[in-house]
Amino acid sequence: MQTLDEMRDRCLLTDEQHAEIGAWVSQARTPEAIMAMPEGLWRTLELASVLMDVDTDLRREPQLGDAP
């Protein structure tokens, strides 16, 4: 929910979209259930994720040893 809250705070989601996505995710019991989110909500969430660059950590090379 923290990421959804940040998306709303950055005006990437409306209050209504935030509530609808939050409700969907809260009731979903499996990743497959989350993926079954209505297409319009899914596209909105996906766009907000891209605009926030949510996947940045996945693309970074892992740091080995102590960070400088």
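What counts, and where the lines are drawn
- Residues numbered from 1 in each chain as written.
- Predicted model: local features only at pLDDT ≥ 70, side-chain atom pairs only at ≥ 80, totals over all residues.
- Heavy atoms only, no water.
- Helix = DSSP H or I, 4+ residues; strand = E, 2+ residues; numbered from the N terminus.
- Buried < 20%, exposed > 50% of the residue type's maximum accessible area, 1.4 Å probe, protein only.
- Core = buried A, V, L, I, M, F, W, Y, C linked by side-chain atoms within 4.5 Å.
- Contact = heavy atoms within 4.5 Å.
- Axes fitted to C-alpha atoms, helices over the stretch in contact; angles between N-to-C directions.
- Parallel < 35°, antiparallel > 145°, perpendicular 65-115°, else oblique.
- Nonpolar A, V, L, I, M, F, W, Y, C, P; charged D, E, K, R; others polar.

Caption draft 1: Structural context of the environment of Asp15. For Asp15, the position within the fold is in helix α2 (residues 15–27). Its relative accessible area of 58% is what places Asp15 among the exposed residues. On a C-alpha basis, the gap between Asp15 and Asp5 in space is 9.5 Å, while along the polypeptide they are 10 residues apart.

Caption draft 2: Local environment of the nonpolar core. Membership of the largest hydrophobic core is limited to nine residues, which are Leu4, Met7, Leu13, Ile21, Met37, Leu41, Leu45, Ala48 and Met52. Every element with two or more residues in this core is listed here: α1 (2–9) and α4 (39–52). It is α4 that contributes the most residues to this core, four residues altogether. Aside from chain neighbours lying at most four places away, what touches Ile21 is Leu4, Leu13, Met37, Leu41 and Leu45.

Caption draft 3: Summary view of the packing of α1 against α4. Contact pair α1 / α4: the axes reach a minimum separation of 11 Å and the direction vectors enclose 80°. By the angle between their directions, the pair α1 and α4 is classed as roughly perpendicular. Contact residues: Thr3, Leu4, Glu6 and Met7 in α1; Leu45, Ala48, Ser49 and Met52 in α4. Residue composition of the contact of α1 with α4, grouped by class: five nonpolar, two polar and one charged.

That is the geometry; function is a separate question.
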